[in-house]
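Chains, contacts and geometry: an overview
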Amino acid sequence: TTGELIWLTADANQAAAEPGGPMPANNELRLSDKSGQERVIYYTPDWVLTDAKFINGGQQIAIQEVSSFDQNHPEQPQVTKWVALDWAGNVSDLQTVNTYGTLVAAPMGYAILDAQYKDANQSQPHYTFDWHSDGGTVNLWSFDAPDLSSTWEIAWSAFTQPVSGLPAFPTFAGMQ
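Residues numbered from 1 in each chain as written. Predicted model: local features only at pLDDT ≥ 70, side-chain atom pairs only at ≥ 80, totals over all residues. Heavy atoms only, no water.

1. A word on the overall build of the chain
- Within the chain, the secondary structure is distributed over zero helices and eleven strands.
- The C-alpha atoms of the chain give 17 Å as radius of gyration, which agrees with the globular expectation for 176 residues (16 Å, within 12%).
- For the chain, the spread of C-alpha atoms along the principal axes amounts to about 50 × 40 × 25 Å.
- Counting only residues that meet the buried cut, the chain has 39% of its 176 residues in that class.
- In the chain, the proportion of contacts linking residues at least 24 apart, taken out of those at least 6 apart, comes to 42%.
- Accessible area of the chain: about 9,900 Å², with a carbon and sulfur share of 50%.
- Computed over 6 positive and 20 negative side-chain charges, the separation of the two mean positions in the chain equals 8 Å. (Helix = DSSP H or I, 4+ residues; strand = E, 2+ residues; numbered from the N terminus. Rg over C-alpha atoms; globule rule 2.2 N^0.38 Å. Buried < 20%, exposed > 50% of the residue type's maximum accessible area, 1.4 Å probe, protein only. Contact = heavy atoms within 4.5 Å. Areas by Shrake-Rupley, 256 points an atom, 1.4 Å probe, with all protein chains shown as cover. Lys, Arg positive; Asp, Glu negative; His and termini not counted. Charge placed at Lys NZ, Arg CZ, Asp CG, Glu CD.)

Set out below in structure tokens:
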């Protein structure tokens, strides 16, 4: 491995989105390199950061974000999305979900387990498990649940070999 560690944190000195529930108002993704030097590599005041993991052989970091809770419109659902941060500091959208989604590293890509509702009253989820690699998507599995009593999660994924010779992640431009 390359020795980098990543984690999410809430910096109270920076603007942060409102989680609206029992989760920290994480607004930063930090990285510690193999020498132990720590720095901020991603920051957002507009989304709550809830998960981060290396994908695409370590060429990117997938970051899960939840939209800010609007206290003036509590009935408005929060949106969850995955974005990818590359070693040059570029951010691209991976997938937006309105319900549940979890992501794991997969050979030269990533896989997402996603649930979307099939009906207006949100009682019948449709689960899909898709592998994204080299610009293509393969559906590995899907399931129409009869009701909300059926839930799925990814228990484990195999180790993926990191790409060699990657440069260092840049420090987030807006941070000191």
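So much for the structure itself; the text now carries on.
2. Here's the deal with the nonpolar core
- Grouped together as the largest cluster of nonpolar side chains are 13 residues, with contacts concentrated most on Leu29, Ile41, Tyr42, Ile61, Ile63, Leu85 and Phe169.
- Among the secondary structure elements, those contributing two or more residues to this core are strand E2 (28–32), strand E3 (38–43), strand E4 (47–55), strand E5 (60–67) and strand E6 (80–86).
- Leaving out residues up to four positions away in the same chain, Leu29 has contacts with Ile6, Trp7, Leu8, Arg39, Val40, Ile41, Tyr42, Leu49, Ala52, Ile61, Ile63 and Leu85.
- Listed in part, the six residues of the second largest apolar core include Ile55, Ala62, Tyr110 and Ile112. (Core = buried A, V, L, I, M, F, W, Y, C linked by side-chain atoms within 4.5 Å.)

3. Quick look at the environment of Ala12
- Structurally, the position occupied by Ala12 is in the loop between strand E1 (5–9) and E2.
- Once the C-alpha coordinates of Ala12 and Tyr127 are considered, the two residues, 115 residues apart in sequence, prove to be 36 Å apart.

4. Considering the side chain of Gln60
- If you trace the backbone, Gln60 turns up in strand E5.
- With near-sequence residues (within four places) excluded, Gln60 lies in contact with Lys53, Phe54, Ile55, Ala84, Leu85, Asp86, Trp87 and Ser92.

5. What about unusual backbone geometry?
- With a phi close to 50 degrees, Asn56 is a non-glycine residue in the positive phi region.
- Topologically, Asn56 is positioned in the loop between E4 and E5.
- Located in the positive-phi region is Met108, a residue other than glycine, with phi close to 45 degrees.

6. Quick word on the sheet that holds E4
- The four strands are arranged E4-E5-E6-E7 in an open sheet whose pairing can be described as antiparallel. The sheet terminates laterally at E4 and strand E7 (91–97), the two strands that pair on one side only. With direction set aside, neighbouring strand axes in the sheet form an average angle of 25 degrees.
- One ladder, built from six bridges, connects E6 with E7; its direction is antiparallel. Note that in E7 the partner of Trp82 across the bridge is Gln95. (Pairing = 2+ DSSP bridges. Axes fitted to C-alpha atoms, helices over the stretch in contact; angles between N-to-C directions.)

7. Considerations on the pattern of salt bridges
- All told, the structure shown has six salt bridges when counted by the stated rule.
- Put simply, Arg30 and Glu38 hold a salt bridge, and the shortest N to O gap is 2.8 Å.
- In this structure, Arg39 engages Asp33 in a salt bridge whose closest nitrogen and oxygen atoms are separated by 3.8 Å.
- Linked through salt bridges whose partners overlap, the residues forming this network are Glu28, Arg30 and Glu38. (Salt bridge = Lys/Arg side-chain N within 4 Å of Asp/Glu carboxyl O.)

8. Observations concerning the sheet that holds E2
- Pairing is antiparallel in the open sheet, where three strands are placed in the order E1-E2-E3. With one partner strand each, in any of the chains shown, E1 and E3 form the two edges of the open sheet. When the angles between neighbouring strand axes are averaged without regard to direction, this sheet yields 30 degrees.
- Bridge count between E2 and E3: five bridges; the pairing is antiparallel. Its bridge partner being in E3, Leu29 is matched across the sheet by Tyr42.

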